[in-house]
Amino acid sequence: MSTRNSSGAGGVVQVQGEVIATRRVGAYHHLTIVAPGVAELARPGQFAALAVGGPTTGNLLRRSFSIHKVSPSGTYGGTLDLVIAAKGAGTEWLTQLRAHDAVDVVAPLGRPFPLPTEPVPCVLVGGGYGSAPLFWLAEVLRERGCSVEMVLGAASEDRLFGVVEARRAADGVTVTTDDGSAGQRGWVSDVLPDVFRRTGAPVAYACGPMGMLQSVTRVAAEFGAVAQVAVEESMACGIGICMTCVMPVRNKDGVTSMVRSCVEGSVFRGDRIRWEAFHDGVCGVPEDAVGAPRVGGH
Amino acid sequence: MSTRNSSGAGGVVQVQGEVIATRRVGAYHHLTIVAPGVAELARPGQFAALAVGGPTTGNLLRRSFSIHKVSPSGTYGGTLDLVIAAKGAGTEWLTQLRAHDAVDVVAPLGRPFPLPTEPVPCVLVGGGYGSAPLFWLAEVLRERGCSVEMVLGAASEDRLFGVVEARRAADGVTVTTDDGSAGQRGWVSDVLPDVFRRTGAPVAYACGPMGMLQSVTRVAAEFGAVAQVAVEESMACGIGICMTCVMPVRNKDGVTSMVRSCVEGSVFRGDRIRWEAFHDGVCGVPEDAVGAPRVGGH
Amino acid sequence: MAVDMAVTFTGRTLPNPLMTASGCAANGRELHRFFDVSKLGAFVTKTVMMDPRSGRGTPRMAETSSGMLNSIGLQGPGIHAFVAKDLPWLKSVGARVLVSIAGNTAGEFADVARVLADSDAFDCVVGVEVNISCPNVANRGLVFACDPLASGKVIALVREQLPRDVPIFAKLTPDVTDIVSIADAAVKSGATGLTMINTLLGMVIDTDRLRPQLGGITGGLSGPSIRPVAVRALWQVTAAMRDGRFQTVPLIGVGGVRTGRDALELIAAGATGIQVGTSTFNDPTAPQRVLTELEALAESHGVARITELVGIAHDRMVIP
Amino acid sequence: MAVDMAVTFTGRTLPNPLMTASGCAANGRELHRFFDVSKLGAFVTKTVMMDPRSGRGTPRMAETSSGMLNSIGLQGPGIHAFVAKDLPWLKSVGARVLVSIAGNTAGEFADVARVLADSDAFDCVVGVEVNISCPNVANRGLVFACDPLASGKVIALVREQLPRDVPIFAKLTPDVTDIVSIADAAVKSGATGLTMINTLLGMVIDTDRLRPQLGGITGGLSGPSIRPVAVRALWQVTAAMRDGRFQTVPLIGVGGVRTGRDALELIAAGATGIQVGTSTFNDPTAPQRVLTELEALAESHGVARITELVGIAHDRMVIP
Ligand SMILES: Cc1cc2nc3c(=O)[nH]c(=O)nc-3n(C[C@H](O)[C@H](O)[C@H](O)COP(=O)(O)OP(=O)(O)OC[C@H]3O[C@@H](n4cnc5c(N)ncnc54)[C@H](O)[C@@H]3O)c2cc1C
Ligand SMILES: Cc1cc2nc3c(=O)[nH]c(=O)nc-3n(C[C@H](O)[C@H](O)[C@H](O)COP(=O)(O)OP(=O)(O)OC[C@H]3O[C@@H](n4cnc5c(N)ncnc54)[C@H](O)[C@@H]3O)c2cc1C
Ligand SMILES: Cc1cc2nc3c(=O)[nH]c(=O)nc-3n(C[C@H](O)[C@H](O)[C@H](O)COP(=O)(O)O)c2cc1C
Ligand SMILES: Cc1cc2nc3c(=O)[nH]c(=O)nc-3n(C[C@H](O)[C@H](O)[C@H](O)COP(=O)(O)O)c2cc1C
Ligand code: FES
Ligand code: FES
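What you are looking at is a predicted structure, and each value in this text was computed from that prediction instead of being measured.

(A) Highlighting the site of ligand 1. With respect to spatial proximity, 24 residues lie near ligand 1, and among them A:Ser64, A:Gly88, A:Gly90, A:Thr91 and A:Glu232 are the closest. Around ligand 1, the nearby residues trace back to chains A and D. With respect to ligand 1, the side chain of A:Arg63 contributes an N or O atom lying 2.8 Å from an oxygen atom. Between ligand 1 and the protein, one listed contact pairs an oxygen atom with a side-chain N or O atom of A:Thr91 at 2.4 Å. Broken down by element, the residue count for the shell around ligand 1 peaks at four residues, all from strand 5 (residues 63-66) of chain A.

(B) Region of the structure containing the interface of chain C and chain D. Each side of the interface is counted separately: chain C has 45 residues, and chain D has 45 residues. For the pairing of chain C and chain D, the buried interface totals around 4,000 Å² over both sides, and the portion due to carbon and sulfur atoms is 63%. Linking chain C to chain D there are four salt bridges. C:Arg232 serves as the salt-bridge partner of D:Asp175, at 4.0 Å between the closest nitrogen and oxygen.

(C) Fine view of the site of ligand 4. Neighbouring ligand 4 are 23 residues; D:Ser22, D:Thr47, D:Gly223, D:Gly256 and D:Thr278 lie closest to it. Residues near ligand 4 are shared among chains A and D, making this a multi-chain site. One of the backbone nitrogen or oxygen atoms of D:Ser22 is found 2.7 Å away from an oxygen atom of ligand 4. One of the side-chain N or O atoms of D:Asn131 is found 3.0 Å from an oxygen atom in ligand 4. Each residue belonging to the shell around ligand 4 can be placed in one class, and the counts come to eight nonpolar, 13 polar and two charged.

(D) Representation of the pairing of strand 7 (residues 79-85) of chain A. Residues and elements named next belong to chain A. Burial within strand 7 is extensive, with seven of its seven residues counted as buried. The alternating pattern of strand 7 places Thr 79, Asp 81, Val 83 and Ala 85 and Leu 80, Leu 82 and Ile 84 on opposite faces, both of which are buried. Here strand 3 (residues 28-34) pairs with strand 7 via seven bridges, running antiparallel. Each residue of the ladder has a partner; that of Val 34, found in strand 7, is Thr 79.

(E) Representation of the pattern of salt bridges in the model. For the structure shown, the criterion picks out 58 salt bridges over all chains. Notably, a salt bridge pairs C:Asp123 with C:Lys91, separated by 3.1 Å at the nearest N-O pair. Within this pair, whereas C:Asp123 is found in the loop between helix 3 (106-117) and strand 8 (125-131), its partner C:Lys91 is found in helix 2 (residues 79-92), the two being separated by 32 residues in sequence. The salt bridge partner of D:Glu265 is D:Arg227, with a shortest N-O separation of 3.4 Å. Remark: D:Arg227 occurs in helix 6 (residues 227-242) and D:Glu265 occurs in helix 7 (residues 260-269); sequence separation between them is 38 residues. In terms of burial, D:Glu265 and D:Arg227 fall into one category: buried. Ionic contacts of the salt-bridge type, sharing partners, join the residues A:Asp280, D:Asp206, D:Arg209 and D:Arg211 into one network.

(F) Summary view of the sheet that holds strand 11 (residues 200-203) of chain C. All names here are of chain C. The antiparallel open sheet is built from four strands, whose spatial order is 5-6-14-11. The strands lining the two open edges of the sheet, one partner per strand, are strand 5 (61-64) and strand 11. Sheet twist, expressed as the mean angle between neighbouring strand axes with direction ignored, is 35 degrees. Bridge count for strand 11 against strand 14 (residues 218-222) is four bridges, and the pairing is antiparallel. Counterpart to Met 203 in the pairing with strand 14 is Thr 218.

(G) Spatial organisation of the relation of the copies chain C and chain D. Least-squares fitting of chain C to chain D yields an RMSD of 0.0 Å, with the transformation described by 0.0 Å of translation along the axis and a rotation of 180 degrees. Expressed as a symmetry operation, the mapping of one chain copy onto the other fits a two-fold axis. When the interface residues of chain C are mapped onto chain D, 100% of them again lie at the interface, so the same face is used by both copies.

How each quantity is defined
- Residues numbered from 1 in each chain as written.
- Chains lettered and ligands numbered in written order.
- Predicted model: local features only at pLDDT ≥ 70, side-chain atom pairs only at ≥ 80, totals over all residues.
- Heavy atoms only, no water.
- Near = heavy atom within 4 Å.
- Polar contact = N/O pair within 3.5 Å; in protein donor to acceptor, adjacent residues only side chain to side chain.
- Helix = DSSP H or I, 4+ residues; strand = E, 2+ residues; numbered from the N terminus.
- Contact = heavy atoms within 4.5 Å.
- Buried area = accessible area lost by both parts, 1.4 Å probe.
- Salt bridge = Lys/Arg side-chain N within 4 Å of Asp/Glu carboxyl O.
- Nonpolar A, V, L, I, M, F, W, Y, C, P; charged D, E, K, R; others polar.
- Buried < 20%, exposed > 50% of the residue type's maximum accessible area, 1.4 Å probe, protein only.
- Pairing = 2+ DSSP bridges.
- Axes fitted to C-alpha atoms, helices over the stretch in contact; angles between N-to-C directions.
- Least-squares fit on C-alpha atoms with pLDDT ≥ 70 in both.

Set out below in structure tokens:
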């Protein structure tokens, strides 16, 4: 198991990991991977980028996954847990790995969830496997004296992740499903106003589909809260060198640029994201963005 | 396990096989694959073409291997045995398969070794893993009353295959290695004259590197014997549709054409092959071949 | 609801869009051991020239990442043997045949077409594919499809030799600066359809021997690796026809199709027919399997006819 | 015996042939977390233009078989920010920098070159790569490298802005009928080297949504899938230079290099330098790893200097 340590700041390692456990959880696969060096550096909200397909593969690009949890030491050395939904070729391959199979891991990546400096109530919202990074976050928040209210939503019961764990990790849990197969029928945004009203939380953390993140941002704003959202853009490298994962985001001076979600995110303040530029799976460059195409295109 | 039966003549199946045993034998890997339907059709000298790399692979072309043996029924259904040397990406992948892994098999392919109609002495010559198909052939020959003399050669001891098996399968066995690590030091062609002289065999069967096949052909001719040689040309499909595996071969009227070694071979009469067209890994088109390039090229 | 898979080219209706690709299926007998070739929309034969040809020396192939390189050099029996043996066999099993032809000169193309048109089994021929784009010719200058004028001349001469109702497809190479201008020239000269794409000119070097791996030095690159180039070529030519830059003709898509999804990609870009080439080396039943997968996919998209999907991506663009 | 890996371009000696590829390594800081970028022969920066550019909307990528498609659209900070921030950083870590530049017009290329030449950190610049071949421009007509005249004009103007001893590499596209004529024009206009190849124009269609997958519709195809095209391009241009068709200049090979063996393939075809692009997305240490692997391979071939292997396949042909 080779570990190449980062030579500069930032704290990232590339390691040849070894799967030590893999189990189905509803529609997902929960993998535990021995990945020495990751646990010591990782913070909630960061992600890992995995190579897929093995030595003969035609799938070259890495796949990114939120870090569910890490454990610095154990019988096997430091481990990394991921929750993976089989979707295309790469996740299909990953979810079919067996114990002792090798997998190349680059982690931790991206900016973690910024933590409140005061012990305030926090709302954590997870959509589908988007809840994966929230339990660890909840633990860290509670260690700092924050109370934690969780809202988990999914299309159906099998696409919820961690409802049982949530009851332990949070002070209150609300569950929604689109089809009503578990918890309340509907979307997380249906129940969120109530949660903000009840807790008075000044901050919400969310991870899940873009539509959900946008509504969490909107509802949070209605209650004067800040939403910190972990976005999911298509990523080819995960480490900031390809420029495929960009999104239009305002900086604190109000200037919009196309920023790389893998290095400047994947956690952004929701109110900085130019949500109106996204529709139906594509995202345009807002006209006022730095270097936006002039008439005639570029 | 799906079996698509051939709809025409020729007797070939494409099956999703399952590896049930894999073991190292010297420098090689011996695989046993459940491949229903193959055993009933196969004859010694035929080969199997395997897809490699699994669902995400970038290695598209099939790899061909001589059939070592088949068994029509067993605990698991019909099986197929192959002896594989890890060389490039595909054989590397195949030799790392574990029990219960799936592998797509097309077999049997090619023309088998033609059998003598009389019970005559036969010389079987195997170079490296080229001996793999010879034990089954020996069995069939002896069933017909032929006596069998085997000559096995390789670069070194670990590259010999089946020396022990040979003692059981043949009436006499001679072993040579280039470095003298087992048997006699030297090439099979050094010992062959003696074997022909001793047995008076009118036919030799050979499988191994091209250089060896050529010398078997030459020595056989010196003793008035016919050599039936199983050649190894690079093959993209193994089933006769790509035209990559051609070699210049004379037909019985003496006319040379570039014929597909996967369907018209891989067993040829050695004296029909235009050996002089081969050198250093390339093979030209003899000027007198049907449709050979005219001056100016084509 | 089953999807109607029939497609029509210049008045000829085929039961479905799936075809073999020239040179990737020999002339039928070999694949017929794995599936009934008459079930395909059409069977495309190995390019045939006037005289028998030995093709090139070996090695003739190199595997590449998600593809392969070949330098077969148009090995074949010559048109007379082809019409005497191969075509009658294809007819006997009920195949609809798209015959691929070539020549060293424009005149030879015409001669081959004439022999074909005069042959007994010609009634099983649903079209002629004119291979003006084979990269495996000794002189790269002989790739007619690199030049609009040369392309046009070949097509015009072949057109004269064939009955008016026989579709002619010009097979194009993507190795040109502007494929639309070649397409334009071929259509203006009488091509009633276009096949895109032939292989890309490529090369592999044997790093042990430090010399070209193929006997023919360069070869044609094919397989899934080149699919994005095929999709792009189909898209550009379809866009040009939709813009009215030249007469709209049906396109046959070829290049890297391995699954029904791949076929749908080419169809959505503008292809009416689909050929499966290199993938057949991986899976001998590929052309038939792709048909099954394509039908299921088309059904999942809720269309009644596969033709509703031809070029559909041009109508679905999102301008953000 | 260690192999001497040094290579020389127009008088500048680099410790080894390995480089990042423009647009596949950002401007250094990100990769420096994984390995010391000053250990590479040169670091090639993301193509920079005069003004800041947002690049295109998303999706900007699609994975393809053994490769990918991108339509970044030359996002960048503009040359002024580049020389103020990125170049000094690269200099500070000791990197030798090959700066990739582009312009919307030939004049803009020259302007960018002038700002670069006038900048404080210019002494870490070992050459300028002139990207006349980016396919991600709104108008395909703007790909200068599709036309010998346009290519020549850009190179000549850039040449005027740079000190004589600064090497200029023209980066070419393989999407042309005759790459040798473009190479010829670039060299005659003052390019002291050529970089081959940029991406191939390609396209992927999303078969669920039945529309182009990229926001920019078409994109550039890269990765191991295109390596045979890169090898072929290097081979053709090297052969033309050996034939004396135009002055011999050093070539930088790029396209699908993932391993030391791949690098050796490009070198044997004629490349003196090697860039690693897309494979870096798979393995962040790829450029460095390829160097190590290449060195070991060169050693196994028993050469004393890596330069002995440049173009060697041209001398090793077997004519059967
Ligand atoms: C920061 C981040 C965290 C994520 N966390 C999780 C998680 O915890 N669990 C989980 O199941 N999934 C997660 N995803 C989504 C996951 O990365 C994609 O589902 C996966 O990459 C798809 O790969 P595939 O081979 O199945 O699909 P394919 O469609 O074959 O992927 C093709 C290419 O597109 C990229 N791609 C496709 N979809 C996405 C996507 N949604 N996001 C990023 N790249 C994509 C892939 O990386 C690959 O390069 C996360 C994505 C990001 C960006
Ligand atoms: C009729 C026949 C019988 C064979 N029997 C055996 C056997 O019993 N045991 C064994 O170990 N090997 C055998 N071989 C050789 C075996 O097919 C090759 O070693 C194997 O294909 C190499 O694949 P690779 O992925 O390791 O190498 P790569 O170099 O990656 O192969 C690349 C491509 O070249 C083709 N190729 C490369 N070398 C050969 C070759 N020698 N023959 C055919 N195709 C080749 C492969 O099929 C593949 O398409 C046989 C070959 C033939 C033609
Ligand atoms: C081994 C081989 C032989 C080929 N021979 C021919 C040919 O004779 N005529 C022709 O028009 N195309 C020929 N082609 C090109 C294919 O028909 C097809 O255009 C190309 O391979 C792209 O499709 P694919 O990726 O599905 O293989 C050949 C391709 C291969 C791989
Ligand atoms: C995401 C991405 C961005 C690229 N951006 C540039 C660029 O800005 N300038 C340029 O000259 N080439 C650019 N390229 C092309 C590469 O430099 C290289 O020529 C090409 O990708 C082939 O090499 P590869 O197969 O190793 O990636 C880009 C390629 C990719 C994949
Ligand atoms: S994924 Fe490559 S820059 Fe973000
Ligand atoms: S291997 Fe394809 S024809 Fe023989």
